[in-house]
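# Summary of structural features
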Amino acid sequence: MRSTFSKHATPIFAAITALALASTAASAVTLEEIKERGYIRIAVANEIPYGYLDPNGDPKGAGPDVAVQVVKALGMEAEDIQWVVTNFSSLIPGLQANRFDLTASEMAIRPERCQQVIYSEPNTSYGEGLLVMAGDPKGIKEYADFVDSDLKVAVMAGADQLNMMQALGVPEENIVIIAANADAISTVANGRADAYAATGLTASDLASKSDKVELAPDFIDPVIDGNVARSWGGFNFNSDSVALRDAFNAELATFKQTDAWAEILASYGFTPEDIAGSTATTTEALCAE
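Reference entry: report on the structure contained in this document. (Residues numbered from 1 in each chain as written. Predicted model: local features only at pLDDT ≥ 70, side-chain atom pairs only at ≥ 80, totals over all residues. Heavy atoms only, no water.)

Looking now at the packing of aromatic side chains. Per the counting criterion, the structure on display carries five aromatic pairs. Ring geometry for Y50 and Y126: centres 5.1 Å apart, planes at 55°, overall tilted. Here Y50 is found in the loop between β2 (40-44) and β3 (52-53), whereas its partner Y126 is found in strand β8 (residues 124-126), with 76 residues between them in sequence. Exposure class is identical for Y50 and Y126. Each is buried. Put simply, the rings of Y50, Y126 and F270 pair up and form one aromatic cluster. We note R37 situated over the ring of Y39; from NZ or CZ to the ring centre the distance is 4.9 Å. (Phe/Tyr/Trp six-rings, centres within 6.5 Å; stacked < 30°, edge-to-face > 60°. Helix = DSSP H or I, 4+ residues; strand = E, 2+ residues; numbered from the N terminus. Buried < 20%, exposed > 50% of the residue type's maximum accessible area, 1.4 Å probe, protein only. Lys NZ or Arg CZ within 6 Å of the ring centre and 35° of its normal.)

Here you go:
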């Protein structure tokens, strides 16, 4: 989905340091206040296929495409969106500091995050994957391969995969933290880590960008606390933005009943099972786990 930008909607490319230095806004705002100021600020973490800006500066991904439709249903235009790009680990701090109004990065709904920000209902559902060196010379098939070995696995700062590795008992010295998905290919190709753990969709996209890496063949989904790992992603908001979240949620629920919503997700590689699975649970249940 292509979106143009008004004078209010120039994309802001902000790294962690820039966010740390930026001045915070006032208190969290309501939808009415957002309409009065004339623009809404939506953050993404430049992660394909969840939320990113393409080389032309246009918003793409399951999060942004759906967010645009919800924002329009709320009475604003695509041109009224100010897109903010930051590292994944800066999304929650940025919301807490009111540097943007919501995120459209399909951040997985986790209890510890629910203590820091509030979520919409799930928009997507997705499983796990591994990016390995081409040919998979070390025969890596699952996250558990890093537990009793000297194999090293890279994970993105702030991502769920770190929690999964810890739950499985992967030693700290076997975990390599990288700042962004953009660093994953070189990290694996150069041997700094033997694999990169990410969602299956992210790992698949990265594998398509270089012949030096590939998806781990015959990947085995991790089992955490007796359950096969699956994530549900949603839009999140400052904890004080309950009214804004509720208004967004209402329109999201309506849009999810349309074919257009399913077509957006399918266009970014979500399977029919992923799409159907997005309604298998609720934010309340996920926050309470």
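In protein structure, a disulfide is the covalent linkage between the sulfur atoms of two cysteines. Per the stated rule, a full pass over the model turns up one disulfide. One disulfide in the model links C114 with C287; its S-S distance is 2.0 Å. Taking the torsion about the S-S bond as the criterion, the C114 to C287 disulfide, at about -70°, is left-handed. With C114 in helix α5 (residues 111-114) and C287 in helix α12 (residues 283-288), the pair connects residues that are 173 residues apart, well separated along the chain. (Disulfide = S-S within 2.5 Å.)

Further remarks concern the nonpolar core. Core analysis: the largest hydrophobic core is formed by 39 residues, its most contacted members being I40, I42, V66, F235, F248, L265 and F270. Counting residues per element, this core draws most heavily on helix α3 (residues 62-73), which supplies six residues. Apart from residues lying up to four places away in sequence, V66 is in contact with N123, F235, L252, F255, W261, I264 and L265. Listed in part, the 30 residues of the second largest apolar core include V84, I109, L206 and V213. (Core = buried A, V, L, I, M, F, W, Y, C linked by side-chain atoms within 4.5 Å. Contact = heavy atoms within 4.5 Å.)

Moving on, we come to the layout of surface pockets. Space inside the largest pocket adds up to approximately 420 Å³. Lining the largest pocket are 17 residues, with R110, I224, D225, R230 and E289 sitting closest to its centre. Of all the secondary structure elements, the ones that give two or more residues to the lining of the largest pocket are α5, α6 (160-168), β15 (227-228) and β16 (231-237). Element by element, the count of residues in the lining of the largest pocket is highest for α6, at four residues. In terms of residue class, the lining of the largest pocket is made up of eight nonpolar, three polar and six charged. (1 Å grid on protein atoms, 1.4 Å probe; cavity = no way out; pocket = protein on both sides within 12 Å on 5 of 7 lines; lining within 4 Å. Points joined across faces, edges and corners; volume = space filled by probe spheres on them. Nonpolar A, V, L, I, M, F, W, Y, C, P; charged D, E, K, R; others polar.)

With 14 residues, helix α9 (residues 242-255) ought to run about 20 Å at 1.5 Å a step, and its terminal C-alpha atoms sit 20 Å apart, in line with that. Regarding α9, the residues found buried are L244, R245, F248, N249, L252 and F255. Projection of α9 onto a plane perpendicular to its axis shows the buried side chains occupying an angular sector of 130°, all on one side. Those residues of α9 hidden inside the fold are in contact with α2 (31-37), α3, β6 (102-108), β7 (118-119), β16 and α10 (259-267). (Expected span 1.5 Å × (residues − 1). Arc of directions from axis to C-beta.)

Summed over all chains, the structure comprises two cavities of 30 Å³ or more. The volume enclosed by the largest cavity comes to roughly 150 Å³. Looking at the largest cavity, it is lined by 17 residues, and the ones nearest its centre are E47, F88, D160, Q161 and T199. Of all the secondary-structure elements, those providing two or more residues to the lining of the largest cavity are β6, α6 and β12 (195-199). Tallying contributions element by element places β6 first for the lining of the largest cavity, with four residues. Residue composition of the lining of the largest cavity, by class: nine nonpolar, four polar and four charged. Taken as a whole, the second largest cavity spans an internal volume of roughly 60 Å³. Around the second largest cavity, the lining comprises ten residues; the ones closest to its centre are A28, V29, N98, F100 and D101. When the residues that make up the lining of the second largest cavity are grouped by side-chain class, the tally is four nonpolar, four polar and two charged.

Turning our eyes to something else, we now look at the environment of T187. Topologically, T187 is positioned in helix α7 (residues 184-189). Separated by 34 residues in sequence, T187 and V153 place their C-alpha atoms 9.7 Å apart. Excluding anything up to four places from it in sequence, T187 contacts A154, I178, R192 and A193.

Judged by pairing direction, the sheet is mixed, and its five strands sit side by side in the order β11-β10-β12-β9-β13 without closing on themselves. What marks the edges here is a single partner per strand, and that holds for β11 (175-178) and β13 (213-215). Averaged over neighbouring strand pairs, the angle between their axes works out to 30° when direction is ignored. Across three bridges, the pairing between strand β9 (residues 128-133) and β13 is antiparallel. Opposite L131, over in β13, you have L215 as the bridge partner. Sheet contacts for helix α8 (residues 200-207): β9, β12 and β13; angle to β12, the most-contacted strand, approximately 130°. (Pairing = 2+ DSSP bridges. Axes fitted to C-alpha atoms, helices over the stretch in contact; angles between N-to-C directions.)

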